[in-house]
Structures are given as structure tokens and as C-alpha cells.
Amino acid sequence: MSIALIAIIAAGVLGAVLGVIIGMVAKAFAVEVDERIEGVEERLPGANCGGCGFAGCADFAKAVVGERAKPGECPVAAPEDISNIAEYLGIVAEEKEKRVAVVRCSGDCANTVRSLYNGVCDCRSAVLVAGGAKGCDYGCLGFGSCADACPFGAIEIRDGLAVVHPELCVGCENCVAACPKDLILMVPAAVDVHVYCNSPEKGAVKRQVCRTACIGCRKCVKASGEEDHMLVDGFLIKTNYENPPQPDLVEASACPTSALRLGTKHAVGAYGGASK
Amino acid sequence: MSDKPRKFKGGVHPKDSKTLSASKPVQDAPLLDTYKVIMHQNIGAPPELVVKKGDLVKKGDLLAKAGGFVSVPLHAPTSGTVKAIDKCPGPTGMSVPAIEITADGEDEWGDALEPIVDWKTTDPADLKQRVWDAGIVGMGGAGFPTHVKLSPPDGKVIDTLILNGAECEPYLTADHRLMLEQAEDVALGAAIIARILGLKTAVIGVEENKPDAIAKLQEIAVKYNVTVQSLPVNYPQGAEKQLIYAITGREVPIGKLPMDVNCVVQNVASAVAVAEAVVKGRPSIDRITTVTGKPVVNPGNWRFRIGTPIEKALELVGGVNTQPAKLLLGGPMMGIAQKSLGVTVMKNTSGILLVAADEVSLYTSEPCIRCGRCVEVCPMSILPATISQAVENKRFDWAEELNVMACIECGSCSYVCPSHRPLNQHFKRGKIEIQAQLRKKK
């Protein structure tokens, strides 16, 4: 018998013996997997954005099946996905309100005073040089740290300003922590009227560096009547998201700096930055 | 101590441009109508306000008291009225709280601190208390409270006091003029600090491009049992760790402080402030600042009160002849770019540097070509090229492994990089992100 044949037979026998051992061990020490985990995972969006606080969709699915989390805690899934998961698991889904991000600044390049900056194109690095090269200490720097953090491509950098497209935003909140100026606020998706300014400075100071800043003139507060739709915070007006105004307020109040805008129209560039 | 100082690894030789102002004697800036004293001028806790709007203050009166051990009090730069507790642009670019004082023109001293004439017999603890009460911080740039450096924790033995007169930063001549004109005070300050630390001697390290200052100090320092060590010209010779190595041959390990190798380093301007605080009872309310750069009509060294707006400072020195492209507080290597002329002189403002448009080049960051020049010049022996890539890709854990925290932000790597990579800015970002993560874990 040739050496080759011996080798083949020996390897074959060894393989067969080991195969039997592996088979027995696999049976004896089998780990029970809850197949519902896979089922839930299939019904999740699969973006692995981490918006739920878990390591990804698989981890979240495990938590949901293990009743450590509720399906509604996925910020990305649409209401029908969530009821789908709840139905699959035989539990009752909770109603959840969709939230979207708003970048509270309207100061694009055309309307703001900026210094020349020649450095790392990242907001969190740019802010280390004189607090960012923008005249306003509080405004969007426009290098797109938030856009980089968004796994859904919902933030566009347009003319040096981050603009959220509400129809693409799923509310994962990844952008909120990325902004060094704390400009991004999560708001109910149903509300469309926002104040695109976050500077607490006096009106005159803001106007020196930005044409579209909220100067605190309160026209919108008056236009909304006695309903408390708009809140006054020093020299800054804020939308009252607990008791939000109707979209027609924007037209009715005729904001002199166009800081008061409709989110959907701002997203498509309807305001163009033109200021009176 | 050897006669020949050691040369630390790395370093660069930028054009020093000190001749613009090196021969100009220090002039006292005339009194202004308004001073805006930035509240938080030290590393550590901000001080607590003790005056309110409308209060009358005398020169040297307390405006704010120390807000903890690592914090120093703040004193009025002149006599007048507290007009407002307002905001003013800070050195980091963000608005910071500031005390606005309208001067009454009298410039009259209050009676806050008693001079200690017999400091040679005074208890070192009282001297240290005086340093704290006078609000003295590291005037070389960092602004670290001086009394904290003079309080080594139990078990730490200090055997060497080094006074930093290297002034390796290009353009700046404030310390040079100080050592030349107030050599006596520098030596006196050194002797007082030595007494606080329980030492008999001190060493003043001066770069050898200031031979007049070295000669003057050598002549006077003997009386105070202080020696003067001339150092080779190599940026960053004035960095604490590099200075300690040059003079003592001891290396401060990464993450450790000078006191871990039994050293204390103080800036020469801080030493003068200590001398004045002790023997004259004078709190830290002014400092010598170099105003320089190509666009400055009359570059020079000026004694400005703290709270002097940069705009006024530039007017005082005769203004500018061309529109500057850049304003830096400090020197060209480590100075901080400003976007507002409303920033005011602080205890650690060593220079006001204007850069003309034709001196500034705009660069695009190109990919690293692995030439290794940054590694050669890095005085801390870290790997700037690799760390910058880690930070660029937001791998802060990797950057930490590569010891980005050891970076002293001297900018030598950015200075030599042929791809014009903003290395220093990457490191600053990396350090801040790592510190933020550490705080979160706590």
C-alpha cells in the first residue's frame, strides 16, 4: 500500500471520529436560542444607529424579547413596524410620538459675519480656534459634524449651515451630541414652526453679526394672541412645544429677520436667507 | 549641576523676529477710562465675586476671592466704580463674565496687603499665603495658580527651583526686558520662592540669544545665591519638561508633574510678581506684554493693567499701518487666534501679535507622506503623524494609546509638516475628547 493511501485513510478515519464527537458535544451542550429574537430583528429597521441605547438592532431585539426594553423605544421604526413587532410578540404596543431634530440656527454664509478659518474641517475641532470662526458665539459652524453623525443622511450642509430634512430624520438623536454648540433640539415631528436662533445675546449684538437672528421683538408672541404658543426667554423667543402654534403663525407674525420659520420650508431653502 | 546644559530631543528653529521689540524698554501704559477684567484668569476654579454694580474700589482692592484651593483672588487694576458685571469676549473666543470698572483717574491704592520687608525671617507659610492673596498665576501663559505649585503634597521632596526665562517663543520679548530691567526683582523673587520651598538656591534658565539679560542677571543673582544657566536656542526650550531636562537631566514621565522629579518651575514674570507682592504688598494687577508684528507701527514692550482691551492696547502703541490678517494672544507658535478686539489683557497675556496678510499662507491639509519629520522634531517623542490619523478618524481610544495626552501643544510638528497637516489642532481635539470621556466615566 502506498504512503498516500495510508495518509488518506488515516485522515478519513480521524475526520469521522472527530465528526462524531463534535456532533455529540453539539447535542449535549446545545444553547437554546429564542427564535423570536431573530423574528424581532427582522422587523426592526436594521440601521444599527444606536438611538435606542443598545449596541445595535440585534442587541435591542434581544432586550425586547427579554422584556428589558419596549418595541417603541426604537426611535427609528415607523409606528406600523412597532405594532408589527408587538403583534409578533403578542404584547401591546405603546403609542409613540415621532420626534425630529431641529438645528436652531439660520445663519448661513450669506447672512453672517465670519472670520477666515484655515484648519480642520470639523465643528468639534473648529470650535477650539477662537470658539469657531463665526461672529456669533452660538451659531452653527457648518462643518457638518452632525451630518457625519447622521446615519440616515437627513442633515444637509447648505451654504455653511446645517439643515435638517424632517421627512428623512427618524429621531435617533445621534446628531445632538455631535454639535459642539448644543444647537440641536429634538422636537415633536407634528410641530413645524421653529425659531432658528439660539443666541441669548441682546438683539442689537446679534444683528451686528447675523441678519437672520431672533432679535426678541415679540411680534410672533403678539400674533399668537394669549395662547402661550411662543415663549420669551430673555432676548430669545422659543416655540412652546407643549402647546405648539399652527403653521400660519409664521405668515401672521411677519418675523422681521425671518428667524421664525416653517421647518419643512426651511429644509427646501424657501427662505433663501433674504432679510429685510 | 553641569555647566553645559543638555539638549533635549527634537525641537525646531523658527525665525525669532525678536529684534522688532527686544531693544524697546518697558513703558507704562497710560490710564484708561474703562477696564474689563475677565473673572476667570486662572486654571482651576473661578473666583467668587465680592463686589457689586456701583461699588467704589481702590487700586488693588479685592474684586473676587479665591473659589477653592486651585483658584486665586482678583484685584482692581485701578481706582474707580464697578460699572457692570457683564460679559466680554474671552481668549477662547466665547463670551466670559467680566467686571467692568470705570476709572476715576486718581489711580489711588487701597490698603489691602501689608508689605513684608523682613521676608528672610518670615514663616514660609505666611509667604505662601501672601502669594495666594496677591492672586499670582503662572505668567508664562498657562495661568496655573502659583501657590499650588509651591505646595507639594506630603512625601514629595523638592530639591530644585528653576526660573523659566527661556522665552523661546518667537517675537516675544516681555520676559527678556523684564530680566534686563528688573533683574534685582527676578533674583529677589527667586530667593523668596526658594525660601517658601525650603531651598537655599535657585537656577534661572535663559536662552543664550539674550546675552545682555544673562550678563545682568549673573551680576546680581550672586547676592541672592541664585545661579544663571544659559541654554541653547531651540524651540520649545521654555516648555517645563524640556527646561527641567536641559538643566537637571531629569525626565518627567508622561502624565507626571515636575514635582515628581523634585523640581518646581516658575516663570520669571511670576517671580517678579511674587517679589512685589511680598516686599511691596502689591497684588497681581498688571503685566508686561509684547505688542509686536509687522503691521504694528511701533512694536514694543508695555506694562498693561489687566482688563485693558486689546483694541485700546493697540491704539496706545500707535496703531497699525496695514490691515492685519491675524491677531494672536501669545506668540506665533502657541498663541491663540482671536476673532474680536474686545478681548482684554489677562495675567497670562505675554504677547499681542499681529500678522500681516502677506505673512499668512492658506494651506489645505494634504495626506501624510510618512516622511517622519514630525517624529524627529517632537520634543515629547510621540508620533504626531499616527496620532493625527487616529484623531481624524475619531479613534480617540487609539490616540490615547499613542500617548496624545503627553503632547505639550508646542506646534513643532505642524511647523515642519510638508503636507501642511493641522497636527496640533488634531491633538488639541483628541485631548479634549479624551478628557470629556474620562469625566463621563467618573
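Residues numbered from 1 in each chain as written. Chains lettered and ligands numbered in written order. Predicted model: local features only at pLDDT ≥ 70, side-chain atom pairs only at ≥ 80, totals over all residues. Heavy atoms only, no water.

Enquirer: Just checking my understanding: could you explain the packing of helix α3 (residues 174–181) of chain B against helix α7 (residues 268–279) of chain B for this structure?
Expert: Pairs of packed helices are described in terms of their axes, by the angle between the two and the distance that separates them. Residues and elements named next belong to chain B. The N-to-C vectors of α3 and α7 enclose an angle of 45 degrees; their axes lie 9 Å apart at closest approach. Classified by the angle between their axes, α3 and α7 sit oblique to one another. The hand of the α3/α7 crossing is left-handed. Only V268, A269 and V272 of α7 make contact with α3, whose side of the interface consists of D175, L178 and M179. When its residues are assigned to classes, the contact of α3 with α7 shows five nonpolar, no polar and one charged. (Axes fitted to C-alpha atoms, helices over the stretch in contact; angles between N-to-C directions. Helix = DSSP H or I, 4+ residues; strand = E, 2+ residues; numbered from the N terminus. Parallel < 35°, antiparallel > 145°, perpendicular 65-115°, else oblique. Left-handed = near helix turned anticlockwise from the far one by under 90°. Contact = heavy atoms within 4.5 Å. Nonpolar A, V, L, I, M, F, W, Y, C, P; charged D, E, K, R; others polar.)

Enquirer: Help me understand the nonpolar core in this model?
Expert: Taken as a class, soluble globular proteins show a tendency for nonpolar side chains to be buried jointly. Counting residues in each nonpolar core, the largest one holds 52 residues, and the members touching the most others are B:L161, B:L163, B:V186, B:I192, B:L197, B:I204 and B:L217. Elements represented by at least two residues in this core include exactly α1 (124–133), β9 (160–165), α3, α4 (183–196), β10 (202–207), α5 (211–221), β11 (226–231) and α7 of chain B. A total of 10 residues in this core trace back to one element, the largest contributor, which is α4(B). Not counting residues within four places of it along the chain, the set of residues in contact with B:V186 comprises B:L163, B:L178, B:M179, B:I204, B:L217, B:V268, B:A271 and B:V272. Ranked by size, the runner-up nonpolar core spans 23 residues in total, among them A:A154, A:I184, A:M186 and A:Y196. (Core = buried A, V, L, I, M, F, W, Y, C linked by side-chain atoms within 4.5 Å. Buried < 20%, exposed > 50% of the residue type's maximum accessible area, 1.4 Å probe, protein only.)

Enquirer: Explain the pairing of β9(B) here, please?
Expert: Side chains on a regular strand alternate between the two faces of the sheet. All names here are of chain B. Extensive coverage of β9 is indicated by the burial of six of its six residues. The side-chain alternation of β9 yields two buried faces, one formed by T160, I162 and N164 and the other by L161, L163 and G165. Across five bridges, the pairing between β9 and strand β12 (residues 263–267) is parallel. What sits directly across from L163, in β12, is Q266. Where β9 and β10 come together, four bridges link them in parallel fashion. (Pairing = 2+ DSSP bridges.)

Enquirer: For this particular structure, what's the right way to read the interface of chain B and chain A?
Expert: Many authors give the size of an interface as the accessible area that is lost as the parts come together. On the chain A side, the residues contacting the 19 residues of chain B number 21 residues. The largest share of the area that chain B buries against chain A comes from B:K339, B:Q425 and B:R429, three residues that together contribute 39% of it. Applying the counting criterion to the chain B and chain A interface returns four salt bridges. Joining chain B to chain A, the criterion identifies 13 residue pairs in polar contact (both at pLDDT 80 or more). Sort the elements by how many residues they give to the side of chain B that touches chain A and helix α13 (residues 423–441) of chain B lands first, with six residues. The residue makeup of the side of chain B that touches chain A, split by class, is six nonpolar, seven polar and six charged. (Buried area = accessible area lost by both parts, 1.4 Å probe. Salt bridge = Lys/Arg side-chain N within 4 Å of Asp/Glu carboxyl O. Polar contact = N/O pair within 3.5 Å; in protein donor to acceptor, adjacent residues only side chain to side chain.)

Enquirer: What's the story with the packing of aromatic side chains in this structure? I'm lost.
Expert: The description of an aromatic ring pair uses the distance of the two centres, along with the angle that the planes make with each other. Under the criterion given, the structure shown has four aromatic pairs over all chains. Measuring from ring centre to ring centre gives 5.8 Å for A:F54 and A:F60, while their planes differ by 50 degrees; the resulting arrangement is tilted. Seen from the ring of A:Y88, A:R43 lies directly overhead, with NZ or CZ sitting 4.0 Å from the centre. One residue, B:K7, lies across the ring of B:F8, its end atom 5.7 Å from the ring centre. (Phe/Tyr/Trp six-rings, centres within 6.5 Å; stacked < 30°, edge-to-face > 60°. Lys NZ or Arg CZ within 6 Å of the ring centre and 35° of its normal.)

Enquirer: Even after reading the chapter, I still don't get unusual backbone geometry, so can you show me in this structure?
Expert: Cis peptide bonds are those with omega within 30 degrees of zero, and the linkage from B:Y235 to B:P236 qualifies with 0 degrees. Considering the arrangement of structural elements, one finds B:P236 in the loop between β11 and α6 (240–248). With phi around 55 degrees, A:A130 is a residue other than glycine that occupies positive phi space. Residue position: A:A130 is located in the loop between α5 (123–126) and α6 (145–149). Judged by its relative accessible area of 5%, A:A130 is buried.

Enquirer: Would you mind showing me how to read the domain arrangement of chain A here?
Expert: All names here are of chain A. As assigned here, chain A comprises domain 1 (1–30), domain 2 (35–89) and domain 3 (99–267). For domain 2 and domain 3, the distance between their C-alpha centres works out to 32 Å. Contact with domain 3 buries surface across domain 2, with C49, P75 and V76 losing the most and accounting together for 76% of the total. At the junction of domain 2 and domain 3, the tally comes to zero salt bridges. A class-by-class count of the residues in the side of domain 2 that touches domain 3 yields four nonpolar, one polar and no charged. (Domains from an automatic or database assignment.)

Enquirer: I'm lost on the environment of A:E173 in this one. Help?
Expert: Among the structural elements, A:E173 can be located in the loop between β3 (162–164) and α7 (174–178). In sequence terms A:E173 and A:P75 are 98 residues apart; their C-alpha atoms lie 8.5 Å from each other.

Enquirer: Please explain the sheet that holds strand β2 (residues 34–38) of chain B as it appears in this structure.
Expert: Through backbone hydrogen bonds, the strands of a sheet pair up, either in parallel or in antiparallel fashion. Taken in spatial order, the four strands line up as β2-β8-β7-β4 (chain B) in an open sheet, and their pairing is antiparallel. Two strands lie at the open edges of the sheet, namely β2 and β4 (56–57) of chain B, each paired on one side alone.

Enquirer: Explanation requested: the domain arrangement of chain B in the structure shown.
Expert: Residue and element names in this part refer to chain B. Annotation of chain B at the domain level lists domain 1 (1–26 + 112–357) and domain 2 (373–441). For domain 1 and domain 2, the distance between their C-alpha centres works out to 26 Å. Taken together, the contact pairs 16 residues of domain 1 with 16 residues of domain 2. Both sides of the domain 1 and domain 2 interface together cover about 1,200 Å² of buried area, and 61% of this is carbon and sulfur. By the criterion of area lost to domain 2, the three top residues of domain 1 are K9, V12 and I254, representing 39% of everything that side buries. Taken together, the connections running from domain 1 to domain 2 amount to zero salt bridges. Taken together, the links from domain 1 to domain 2 amount to six residue pairs in polar contact (both at pLDDT 80 or more). Of the residues belonging to the side of domain 1 that touches domain 2, the class tally is nine nonpolar, four polar and three charged.

Enquirer: Is there a simple way to think about the packing of helix α2 (residues 35–43) of chain A against helix α4 (residues 79–89) of chain A in this case?
Expert: Residues and elements named next belong to chain A. Two numbers describe how α2 lies on α4: the axes approach to 9 Å, and their chain directions differ by 165 degrees. Compared by their axis directions, α2 and α4 come out roughly antiparallel. Read as a crossing pair, α2 and α4 show a hand that is right-handed. On α4, the residues touching E35, R36, G39, V40 and R43 of α2 are D81, N84, I85, Y88 and L89.

Enquirer: Any chance you could explain the sheet that holds strand β13 (residues 286–292) of chain B here in plain terms?
Expert: Residue and element names in this part refer to chain B. Taking strand neighbours across the sheet as the criterion, the six strands line up as β1-β14-β13-β17-β15-β16 in an open arrangement whose pairing is mixed. The sheet is open, and its two edges are formed by β1 (27–28) and β16 (336–337), each paired on a single side. Along the sheet, α3 contacts β13 and β14 (300–305); its crossing angle with β13, the most-contacted strand, is approximately 125 degrees.

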